[in-house]
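Structural overview for review
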Amino acid sequence: MSMLLKSIPAADGFRMPGEHEAQDEIWIAWPERSDNWRNGGKSAQKTFIDVAEAIAEVTPVTMAVSADQYDNARSRLSDKIRVVEMTTDDAWMRDIAPSYVINTQGERRGVDWEFNAWGGLVDGLYFPWDKDDQVASKICEVMRNDRYRAPIVLEGGSIHVDGEGTLYTTEECLLHPSRNPDLSKEEIEQVLKDHLSIEKVIWIKNGLYNDETNGHVDNLIHVVKPGEVVLSWCNDENDPQYAISQAAYKTLTNETDAQGRQIKVHKVHIPGPLFITEEEAQGIDSCDGMEREAGERLAGSYANFLITNQRIILPLLDPKYDDDAKAVLQQAFPGYDIVGVPAREILLGGGNIHCITQQIPAVA
């Protein structure tokens, strides 16, 4: 069973661990929405399988699948992967699953944020989104973990934590009028501190160029460990990403984290620029909320990788830059196993490997 708690995680002694800390499990949701995934999701399903199998070699994986797709998913996934029937509106597990918090007594609880499909009725990507909003509570139920329902709209991909009191986010997303327009920056910060045991929030102005999530931080940076991050970089002064990356670098290098450390930044060049092709666009059903037309620039990023139990699952997106990205991460993560997965099909849906995964931290 899973109990809905009325207290506050920080007051209860719970903190959100960093992604580099030990994990018990990874959750993923099966893609099938035909106005987001081309060819009825078949192309994306192959990539999701590749990601799941690469994770399952080091961390148990649970795949949440609709009743209609259950048999298909179960037959295509290896026996290493648990398949659970669960209804969703789409497949962005990072944003709809709970953010887990742990304490020193070996307990684990979920933080269940309000979800409004990246903007609700202001600029959300689809309607309705009620099934997605139920996912966090359902995962807590399956995992037998108690949960807190946080009082703000927030997606998991809009925050990164280092596990030692520092949270990274973007003003573009968390201060966007489509999220929590009635709350001030200070009030939002307080909710984050209360629910994740954060001592300091580092605010980066903007996320990756043309990111339809209103600039999720996980497409721009990734926390390597406390005091160290990977940043999406761009050398072309004529590319709109150039100024965004420069400003983010300035913010990060001029800030200290919650423990007073100077922040070390590893630059990883963005792929492309990449664009939706005519053929790809033709395979996607039309939709009011999502731009899926030929020529639309894709928010491609190598920072959108997953860290799980000494392994990096890295999206491969551009032969020109893939090897460089691997080299940067190998330097940033000595001793880690770096596994590249061709991930354009995930990118076509609006995100990447970090966006489709959510970790369940291990407890002592």
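Conventions we followed
Residues numbered from 1 in each chain as written. Predicted model: local features only at pLDDT ≥ 70, side-chain atom pairs only at ≥ 80, totals over all residues. Heavy atoms only, no water. Helix = DSSP H or I, 4+ residues; strand = E, 2+ residues; numbered from the N terminus. Rg over C-alpha atoms; globule rule 2.2 N^0.38 Å. Contact = heavy atoms within 4.5 Å. Areas by Shrake-Rupley, 256 points an atom, 1.4 Å probe, with all protein chains shown as cover. Lys, Arg positive; Asp, Glu negative; His and termini not counted. Charge placed at Lys NZ, Arg CZ, Asp CG, Glu CD. Expected span 1.5 Å × (residues − 1). Pairing = 2+ DSSP bridges. Axes fitted to C-alpha atoms, helices over the stretch in contact; angles between N-to-C directions. Buried < 20%, exposed > 50% of the residue type's maximum accessible area, 1.4 Å probe, protein only. Right-handed = clockwise from strand over helix to strand, strands pointing away. Polar contact = N/O pair within 3.5 Å; in protein donor to acceptor, adjacent residues only side chain to side chain.

It is worth spelling out the overall build of the protein chain at this point. On a plain count of helices and strands, the protein chain comes out with 11 helices and 17 strands. The C-alpha radius of gyration computed for the protein chain amounts to 19 Å, which stays within 12% of the reference 21 Å derived for 364 residues, consistent with globular compactness. The dimensions of the protein chain, computed from C-alpha atoms along their principal axes, are 55 × 50 × 45 Å. Nonlocal contacts in the protein chain, meaning residues at least 24 apart in sequence, comprise 75% of its contacts between residues at least 6 apart. Put simply, the protein chain shows about 14000 Å² of open surface, and 46% of that area lies on carbon and sulfur atoms. Charge centroids of the protein chain, computed over 34 positive and 60 negative side chains, lie 4 Å from each other.

Take helix 7 (residues 185–196) next. Given 3.6 residues to a turn, an α-helix orients residues that are three or four positions apart in the same direction. Look at helix 7: 16 Å from first C-alpha to last across 12 residues, which is about the 16 Å you get at 1.5 Å a residue. In the segment just after helix 7, Ser197 is the residue with positive phi, at about 60 degrees.

Cis geometry is found at the peptide bond from Phe127 to Pro128, where omega equals 0 degrees. Relative to the assigned elements, Pro128 resides in the loop between helix 4 (120–123) and helix 5 (130–143). Residue Gly272 is joined to Pro273 through a cis peptide bond whose omega torsion reads 15 degrees. Structurally, Pro273 can be placed in the loop between strand 13 (264–269) and helix 9 (278–282). Phi is positive for Asn309, close to 50 degrees, though the residue is something other than glycine.

If you walk across this open sheet you meet the three strands as 11-12-13, and the pairing is mixed. Two strands in the sheet have a free side with no partner beyond their single neighbour: strand 11 (221–225) and strand 13. Ignoring strand direction, the axes of neighbouring strands in this sheet form an average angle of 30 degrees. Pairing of strand 12 (residues 228–233) with strand 13 involves six bridges; the strand directions are parallel. Opposite Ser232, over in strand 13, you have Val268 as the bridge partner. Most of the contacts of helix 8 (residues 240–254) go to strand 12, to which it runs at about 165 degrees, and overall it touches strand 11, strand 12 and strand 13.

Burial analysis of strand 3 (residues 61–65) places five of its five residues in the buried class, the great majority of the element. Where burial is concerned, the two faces of strand 3 agree: the one with Val61, Met63 and Val65 and the one with Thr62 and Ala64 are both buried. Strand direction decides the pairing type here: strand 2 (residues 23–29) and strand 3, joined by four bridges, are parallel. Bridged to Trp27 within strand 3 is Thr62. In this fold, the crossover linking strand 2 to strand 3 by way of helix 1 (residues 42–56) has right-handed handedness.

For helix 8, with 15 residues, the first-to-last C-alpha span of 22 Å sits near the 21 Å given by 1.5 Å per residue. Tucked into the core, helix 8 has its buried residues touching strand 9 (166–170), strand 10 (200–204), strand 11, strand 12 and strand 13. For helix 8, the side-chain oxygen to backbone nitrogen distance between the N-cap and Gln241 is 2.8 Å, and the N-cap itself is Asp239.

Right, let's get into the sheet that holds strand 15 (residues 311–316). Judged by pairing direction, the sheet is mixed, and its three strands sit side by side in the order 14-15-16 without closing on themselves. In the strand order of this sheet, the two ends are held by strand 14 (306–308) and strand 16 (337–342), each with one partner. With direction set aside, neighbouring strand axes in the sheet form an average angle of 25 degrees. Bridge analysis of strand 14 against strand 15 gives three bridges, and the strand direction is antiparallel. The residue of strand 15 that forms the bridge with Thr308 is Arg311. Against the sheet, helix 1 makes contact with strand 14, strand 15 and strand 16, and its axis sits at roughly 170 degrees relative to strand 16, the strand it touches most. Contacts from helix 10 (residues 322–332) reach strand 15 and strand 16, with the element oriented near 160 degrees to strand 15.

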